[in-house]
Amino acid sequence: MHEAMVAESIIDSILSQVPNKHGRVIRVVISCGQINAINDEAMKFAFDIAAEETICKDAKLKIKHIPLKATCENCSKKFNYDLYDPCCPKCSKNDIKIGEDAPLLLEEIEFEEN
Ligand SMILES: [Zn+2]
């Protein structure tokens, strides 16, 4: 499962970034793009499993979805690409150039000292 692997690597990087182990992680914020979007429910479930027996246990996971930027080749309008409605919001043409998708990033770790 894709999310399980992502969750494991998130926990690994949290553990390597947290200064000491005398406390616990209470909140984690990650962000991801639209094309490689992860499923929120599956991700939270996988995160809880991966967090078991670490200082991340019971941490709240927040997932931010970063919109994909697109530019219309017809009228040059820049807009947020919608996978379900891939047309320019200004001229309704679908001759659009899609920007780079955002990578999966660990954005924030909230740590609470004991
Ligand atoms: Zn347009």
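Look up: the structure comes first, before these words.
Residues numbered from 1 in each chain as written. Predicted model: local features only at pLDDT ≥ 70, side-chain atom pairs only at ≥ 80, totals over all residues. Heavy atoms only, no water.

Asker: Got a sec to walk through the coordination of the zinc ion? Specific residues and values, please.
Answerer: Looking at the zinc ion, the protein donor atoms are Cys72 (SG), Cys75 (SG), Cys88 (SG) and Cys91 (SG), and they sit 2.2 to 2.3 Å from it. With four donor atoms in place around the zinc ion and angles of 106 to 117 degrees between them, the coordination shape is tetrahedral. Site description for the zinc ion: donor spacing in sequence, C-x2-C-x12-C-x2-C. Of this pair, Cys72 sits in strand β3 (residues 68-72) while Cys88 sits in the loop between β4 (78-81) and β5 (96-98), placing them 16 residues apart in sequence. Assigned by exposure class, Cys72 and Cys88 land together as buried. (Donors = N, O, S within 2.8 Å, 3.2 Å for Na, K, Ca; no water. Tetrahedral: all angles 85-135°; square planar, octahedral: opposite > 155°, others 65-115°. Helix = DSSP H or I, 4+ residues; strand = E, 2+ residues; numbered from the N terminus. Buried < 20%, exposed > 50% of the residue type's maximum accessible area, 1.4 Å probe, protein only.)

Asker: If you had to explain the pairing of strand β1 (residues 23-32) to someone new, which residues and values would you point to?
Answerer: The buried fraction of β1 is high, at seven of 10 residues. Sheet topology note: the β1/strand β6 (residues 105-113) ladder contains eight bridges and is antiparallel. Each bridged residue has a counterpart across the sheet, and for Arg24 the counterpart in β6 is Glu112. Of the strand pairs in this sheet, β1 and strand β2 (residues 60-65) are connected by six bridges, and their pairing is parallel. (Pairing = 2+ DSSP bridges.)

Asker: Could you give me a rundown of unusual backbone geometry, with the residues and numbers involved?
Answerer: Its identity is not glycine, yet Glu53 carries a phi of approximately 60 degrees, on the positive side. Despite not being glycine, Ser76 shows a phi value in the positive range, around 65 degrees. Within the secondary structure layout, Ser76 lies in the loop between β3 and β4. Note on Ser76: relative accessible area 53%, which makes it exposed.

Asker: Break down the environment of Asp101 for me, with residues and values.
Answerer: By secondary structure assignment, the location of Asp101 is in the loop between β5 and β6. Considering only alpha carbons, one finds Asp101 and Ser9, 92 residues apart in sequence, at a separation of 20 Å. In this view, Asp101 contacts Gly33, Gln34, Ile35, Asn36 and Leu68; residues no more than four positions away in its chain are not counted. (Contact = heavy atoms within 4.5 Å.)

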